[in-house]
Amino acid sequence: MTTDPLPLAQALIRCASVTPADAGAQSVLAEALERLGFTLHRQRYNDIDNLFARIGSGGPHFCFAGHTDVVPVGAATWRFDPFAAEVHNGVLYGRGACDMKGAIA
């Protein structure tokens, strides 16, 4: 089954998950993973929520580690709203598009 990652990347970028706030990003990801058949485990370490997802029960094992939080927007002037997840000329713009929400999607 193939899934277009763009809508998921956009949904993740639209969550203003500036460290340490989650802003719903893990719920967006959890919903997408559940639809694909993953079993989810939520874990909290100190003040940070984490999501562990697993599909299947046997080996071999493959682990993909990522993060849904982003650094603050800062005072820079943005060409596009950093949390709008707009596509212009085939390029996705937004906070986390390259690191790491796009890669997660």
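Cut-offs applied
- Residues numbered from 1 in each chain as written.
- Predicted model: local features only at pLDDT ≥ 70, side-chain atom pairs only at ≥ 80, totals over all residues.
- Heavy atoms only, no water.
- Buried < 20%, exposed > 50% of the residue type's maximum accessible area, 1.4 Å probe, protein only.
- Helix = DSSP H or I, 4+ residues; strand = E, 2+ residues; numbered from the N terminus.
- Arc of directions from axis to C-beta.
- Contact = heavy atoms within 4.5 Å.
- Phe/Tyr/Trp six-rings, centres within 6.5 Å; stacked < 30°, edge-to-face > 60°.
- Core = buried A, V, L, I, M, F, W, Y, C linked by side-chain atoms within 4.5 Å.

Novice: Explanation requested: helix α2 (residues 25–35) in the structure shown.
Specialist: Residues spaced three or four apart along an α-helix face the same direction, because each turn holds 3.6 residues. Ala25, Gln26, Leu29, Ala30, Ala32 and Leu33 are the residues of α2 that are buried. Summarising the axial view, the buried residues of α2 lie within an arc of 165°, below the 170-degree limit, and thus occupy one face. Set apart from the buried face of α2 by more than 90 degrees, the exposed residues are Glu34 and Arg35. Considering only its buried residues, α2 is in contact with α1 (5–13), β1 (39–45), β2 (48–54) and α3 (101–104). Looking one or two places after α2, you find glycine 37, whose phi comes out positive at around 100°.

Novice: Any chance you could explain the environment of alanine 23 here in plain terms?
Specialist: Along the chain, the position of alanine 23 falls in the loop between α1 and α2. For alanine 23, a relative accessible area of 45% translates into the label partly exposed. Linking alanine 23 and aspartate 69, residues 46 residues apart in sequence, is a C-alpha distance of 9.0 Å. In this structure, alanine 23 is in contact with Cys15, Ala16 and Ser17, ignoring residues within four places of it in sequence.

Novice: How should the packing of aromatic side chains be read in this particular structure?
Specialist: To describe a pair of aromatic rings, one takes the distance between the centres and the angle between the planes. Inspection of the entire model under this criterion finds one aromatic pair. Ring plane angle 40° and centroid distance 4.5 Å describe the contact between phenylalanine 80 and tyrosine 93, whose orientation is recorded as tilted. Linking phenylalanine 80 in the loop between β2 and β3 (86–88) with tyrosine 93 in strand β4 (residues 91–93), this pair joins segments that are 13 residues apart in sequence.

Novice: Mind showing me how you'd approach the nonpolar core here?
Specialist: Side chains that are nonpolar tend, in soluble globular proteins, to be buried together. Counting nine residues, the largest nonpolar core consists of Leu8, Leu12, Cys15, Ala25, Leu29, Ala32, Leu33, Met100 and Ile104. It is α2 that provides the largest number of residues to this core, a total of four residues. Residues within four places of leucine 12 in sequence aside, it is in contact with Ala25, Val28, Leu29, Lys101 and Ile104.

Read these as spatial facts, not as claims about activity.
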